[in-house]
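Residues per chain, in single letters:
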Amino acid sequence: MNRISYAFFIMLLLWLDTAAITLRVSKAGTESMLKNKPVVDLYVSTTGNDSNSGAKDRPMASLHAALRKARELRRLNNPDIKSGIRIMISKGLYRLDEPIMIRPEDSGTAESPTQVIADGKVVFSGGMRISGWKRVKDPVPGLPEKAKGKVWVTDIPDVAGVDLQFRQLWVNDQKATNAKYFNGDQMGRILSWNGAKETCKIPLPAKINLSYTKGMEMLIHQWWAIANLRIKSIQTAIQGLEFSFMQPESRIQSEHPWPAPWISEKTGNSAFNLSNSIQFLDEAGEWFEDLRAHKIYYWPKATENMSTAEVVVPVLENLIKVEGDIDHPVSYLSFEGISFQHSSWLRPSKQGHVPHQTGMYMLDAYKLKIPGTADKKSLENQAWVGRPASGLQLNYVNHINFASCSFEHFASTGLDYGKGTHDNVIKGSLFKDIGGSAIVTGTFSDEATEVHLPYQPKDDREVSANNTIDNNLITNVTNEDWGTVGIAAGYVRGLKILHNEISDVSYSGISVGWGWTKTINVMNNNVILGNKIHHYGQHLYDVAGIYTLSAQPGSLIAENEIDSIYKAPYAHLPDHWFYLYTDEGSSGFTVRDNWTPNEKYLQNANGPDNLWKDNGPGVSSSIRNKAGLAPEFQYLLKEKAKHSARGINTAADKAVVFELIFNKDSIPGSAVWTTFAEQNNLKSSAIYKWGNRMMIYTAALKVESLQQTLKRLNPISIKLYEDQIYQFSRKKNCGLEPVAEWDNIILSANLVNDQKLQAEYLDYHQTQFEKWPELSEGFCKAEFQQLVIYKNERRLVLIISIPKGKSLEQLNPKTTANNPRADQWNALMKKYQEGIEGTKPDEVWVEFKPLNR
């Protein structure tokens, strides 16, 4: 056949192939043709062939081939795709040899989208099945005695001429454990970290053989992150072992100040574990990949039969890559009902992993000798970060949607919408058994950009904007990199995180923002609404159900339910956990109607224009009950992970009093205090005034935040009263239920400046209920709901709570009516008390009046 006739023959085949597809339009397409809006269906099947046309009776074998066919239909302007192209994937397992690439040429349009639809249970897997298991019979150097006769072995698969390296292994859909020194949730504590030598000392382990340390890693727990460090050498030291590490992680780990190894006699030093050595293979459910011997070893659980077990290891880091560019984005393509499974991430094995926050690993970081940058005068560190790999990676895309999909068994991030992503929707999907964050979106910092610089690109098309994460179940994620989160958003605009349920995460549920800056940047109008977050903080603290960073004007956090934070046994500060946490620079947020068991929130170094209103246990049940998945998506809950048995943390709340003293010419006015209350989750009715002194009667859970924010009012001094020396309770001391609403009367006086008399005063109050019961009887008659005395040095603050609408002048006489012992008590107390600074000579107790009256 000559060259001309051969070319004609090929063109004829292409025309016939396209004509065959055109004739095989779907039923929906046939109906649409009546309206002149046809749809073309392409079929993919595990029994298909990529040389087929893609018709129902001639399906293709891969999504790759179907996408190419769809691309050709669009390139040739086929008239039958006016209403779109549907790629129908028949049920089955599709193992991927390479990532599926989706490019601008694969874009649909609003009128003619491309849909990838599962017809039955469809799994796209980036993993490889491991077979050929045999029980180990010959001696294995380094294998613990207790493991002998219980371990199985097979060969490491050969991929492209080299052994396949991996960090995860699944047996019958359950993740097995890479052999580690401390089993279960147990960890050790480091002795010290030497930044200059870049070494770490640990106590001498009870069982470790230094002959089998090649490839060994250390995981170290530090504040809000962990680090994976490849061990270079181990030396015997005084009372322990001294480790040095591979580069580049050794330098980064030793130079970066945040988060650093934790050294504390009070709460314990940073926790650690060792892994990836044959000598640690000492319990069922553990595995070890021996790259030198080219073998995989596994100790099966009692319920596992290695003759029939399905063992899978990951091969691909990315299953799907959707990559446009700033001028040519990928548009209008959706995935429906697809299950994506098994992804790898080998950077920790090759370069270590030292995260800065939210899993973003440091490329360089150090402490500044002279603090300060142009944007932040007090900044004392610098850092540059990279972004973890993701099972599905998307950049410069719009209207690329995922509906009713599942994302499972991933080494790192599940689904990542990076730069230039807008108007995309993730809805009704499952994220489960993921090593890192389930969903990541937006720019954090480019590798060339220091993390504290506000992001304001010259081309606005770079910004991640108007994406929606709606009604997804996110459970048992962050199970390898504990410092990652359920949903992580960097610099984003118009992001909507709606009605998701998030549980069983190692750190925070939702994190939105980046940069630690009050400077206006691209972020605004983000919405976190109606989510249900529970069983979080499984490993790390400095944590919250919802966490934010930096200026985000017009943003909303509302109607979420946050509950049940895990007890984290190795947290650096056991009480440093929160339900809501607006961190450095957080500005422009309205935070309202969020149900939490109490008001354990933190506002750390926030910017302006935050409004807090009606959060806490008083939020109505109608709002609380709507949080989480909508009824039509609650079928997902059957996939929810089993909760850990380690227990739930609770915070005991009590009332405290702040006192602020101002210069008489600089006392903030009512408008300032009203704004301050709105920005700090306070009721204005909790603020009281006497002369140049102000008092705030509030919850102890707000102390950490208020100790920062009160300084902005420029008082001369701030004093905290939290030591209660006396407490009368109507319920306890009268046996009566308190009224539903009451007013608080605040009075203050000094104890006389005499240590002996002060001790007598305290003794009288400690024994009053036993020796002076008539006083309690008087308080009961006077309808006092509670009476509390706080002491700080000589100062006393007295809180008397009375039924709302009544006055102390009306009720107080009842305390002494027909009660001579009460009169005797009052006379006795006069010698112990005197007025505070500024009182008249005959004044003792002065009343602080409510600011709003």
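Residues numbered from 1 in each chain as written. Predicted model: local features only at pLDDT ≥ 70, side-chain atom pairs only at ≥ 80, totals over all residues. Heavy atoms only, no water.

Draft legend 1. Structural view of the environment of G618. Note on placement: G618 falls in the loop between strand 52 (611-613) and helix 6 (621-624). When the C-alpha atoms of G618 and N598 are compared, they prove to be 8.9 Å apart, with 20 residues separating the residues in sequence. (Helix = DSSP H or I, 4+ residues; strand = E, 2+ residues; numbered from the N terminus.)

Draft legend 2. Structural detail: the packing of helix 10 (residues 755-766) against helix 14 (residues 820-829). Two elements in contact, helix 10 and helix 14, have axes separated by 12 Å at closest approach and are oriented at 160 degrees. If you check the angle between helix 10 and helix 14, you find them roughly antiparallel. The hand of the helix 10/helix 14 crossing is left-handed. Contacts between helix 10 and helix 14 involve Y761, Y764 and H765 from the first element and W825, L828 and M829 from the second. (Axes fitted to C-alpha atoms, helices over the stretch in contact; angles between N-to-C directions. Parallel < 35°, antiparallel > 145°, perpendicular 65-115°, else oblique. Left-handed = near helix turned anticlockwise from the far one by under 90°. Contact = heavy atoms within 4.5 Å.)

Draft legend 3. Broad picture of the state of the cysteines. Applying the stated rule across the entire model yields one disulfide. The disulfide partner of C734 is C780, and the S-S distance across this bridge is 1.9 Å. With the S-S bond torsion at -95 degrees, the cross-link from C734 to C780 turns out left-handed. Of this pair, C734 sits in helix 9 (residues 730-734) while C780 sits in helix 12 (residues 773-781), and the two are 46 residues apart along the sequence. Given a relative accessible area of 18%, C780 falls into the buried group. (Disulfide = S-S within 2.5 Å. Buried < 20%, exposed > 50% of the residue type's maximum accessible area, 1.4 Å probe, protein only.)

Draft legend 4. Just the pattern of salt bridges, in detail. Under the definition given, this model contains 41 salt bridges. The partner of K295 in a salt bridge is D155, with the nearest N and O atoms 2.5 Å apart. Taken together, the residues span a long stretch of sequence, with K295 in strand 21 (residues 295-298) and D155 in strand 7 (residues 152-155) at a distance of 140 residues. Among the residues examined, K295 registers a relative accessible area of 29% and is labelled partly exposed. D155 gets classed as partly exposed once you look at its relative accessible area, which sits at 48%. The salt bridge partner of E462 is K419, with a shortest N-O separation of 3.7 Å. (Salt bridge = Lys/Arg side-chain N within 4 Å of Asp/Glu carboxyl O.)

Draft legend 5. Seen up close, the sheet that holds strand 10 (residues 170-171). Across the sheet, four strands lie side by side as 5-22-10-11; this open sheet has antiparallel pairing. Taken across any chain shown, the strands that pair with only one partner, and hence form the sheet edges, are strand 5 (127-130) and strand 11 (174-175). Where strand 5 meets strand 22 (residues 311-314), four bridges bridge the pair, whose relative direction is antiparallel. By the bridge assignment, R129 is partnered in strand 22 with V312. (Pairing = 2+ DSSP bridges.)

Draft legend 6. How the structure looks around the pairing of strand 55 (residues 687-690). In the sheet, strand 55 pairs with strand 56 (residues 693-699) via four bridges, with the strands oriented antiparallel. Of the residues in strand 56, the one forming a bridge with Y688 is M695. Counted between consecutive antiparallel strands, the loop separating strand 55 from strand 56 contains two residues, among which G691 sits at a positive phi close to 60 degrees. Inspection of the sheet shows strand 55 paired to strand 63 (residues 846-850) by two bridges, in the antiparallel sense. Directly across from K689, in strand 63, lies its bridge partner K849.

Draft legend 7. Quick look at the layout of surface pockets. One number sums up the size of the second largest pocket: a volume of about 1300 Å³. Surrounding the second largest pocket, 39 residues form its lining, E599, K683, S685, A686 and K702 being those nearest its centre. Counting only elements with at least two residues in the lining of the second largest pocket, the list comes to strand 52, helix 7 (670-679), strand 56 and strand 59 (742-751). The residue makeup of the lining of the second largest pocket, split by class, is 16 nonpolar, 11 polar and 12 charged. (1 Å grid on protein atoms, 1.4 Å probe; cavity = no way out; pocket = protein on both sides within 12 Å on 5 of 7 lines; lining within 4 Å. Points joined across faces, edges and corners; volume = space filled by probe spheres on them. Nonpolar A, V, L, I, M, F, W, Y, C, P; charged D, E, K, R; others polar.)

Draft legend 8. Quick peek at the sheet that holds strand 17 (residues 225-237). Strand order in the open sheet made by the seven strands is 13-19-16-17-18-15-14, with antiparallel pairing throughout. Where the open sheet ends on each side, the last strands, each with one partner, are strand 13 (188-189) and strand 14 (192-194). As defined by bridge partners, strand 13 adjoins strand 19 (residues 271-275) across two bridges and the pair is classed as antiparallel. Across the sheet, the residue bridging to G188 is F272, located in strand 19.

Draft legend 9. Structural detail: helix 7. Of all the positions in helix 7, only W673, F676 and A677 are classed as buried. Along the axis of helix 7, the buried residues cluster in a sector spanning 100 degrees; they form a single face. Here the buried face of helix 7 lies against strand 54 (655-661), strand 55, strand 56 and helix 8 (703-709). N681 occupies a position one or two residues after helix 7 and carries a positive phi of about 60 degrees. (Arc of directions from axis to C-beta.)

Draft legend 10. Broad picture of the environment of A284. The topology assignment puts A284 in the loop between strand 19 and strand 20 (286-290). On the accessibility criterion, A284 (35% relative accessible area) is partly exposed. Along the backbone, A284 and Q679 are 395 residues apart, and their C-alpha atoms lie at a distance of 53 Å.

Draft legend 11. Representation of the side chain of S62. With respect to the element layout, S62 can be found in the loop between strand 1 (40-44) and helix 3 (63-75). A distance of 3.1 Å separates a polar atom in the side chain of S62 from the backbone nitrogen of A65. With sequence-adjacent residues up to four places away left out, S62 is seen in contact with V44 and D50. (Polar contact = N/O pair within 3.5 Å; in protein donor to acceptor, adjacent residues only side chain to side chain.)

Draft legend 12. Structural detail: unusual backbone geometry. A cis amide bond links Q247 with the next residue in sequence, P248, at an omega value of 15 degrees. As for its position among the elements, P248 is in the loop between strand 18 (240-245) and helix 4 (249-255). P259 follows W258 through a cis peptide bond whose omega is -10 degrees. Mapped onto the elements, P259 comes out in the loop between helix 4 and strand 19. The phi dihedral of H535 falls on the positive side, at around 50 degrees, and the residue is not glycine. Structurally, the position occupied by H535 is in strand 45 (residues 532-536). Relative accessible area serves as the criterion here: at 13%, H535 is assigned to the buried category.

Draft legend 13. Region of the structure containing the confidence of the model for the chain. Mean pLDDT for the chain: 94, with 96% of residues reaching 70 or above. The low-confidence segment residues 1-36, where pLDDT is below 50, has 31 contacts with residues more than four positions distant or belonging to other chains. (pLDDT = per-residue confidence, 0-100.)

Draft legend 14. View of helix 10. Here helix 10 is 12 residues long and its end C-alpha atoms lie 17 Å apart, about the 16 Å a rise of 1.5 Å per residue gives. Burial in helix 10 covers these residues: Q758, Y761 and H765. One side of helix 10 carries all its buried residues, which in axial view fall inside an arc of 60 degrees. Along helix 10, the residues that are exposed and aim more than 90 degrees away from the buried face are K756 and Q766. The backbone nitrogen of K756 has a side-chain oxygen 2.9 Å away, supplied by the residue at the start of helix 10, namely D754. (Expected span 1.5 Å × (residues − 1).)

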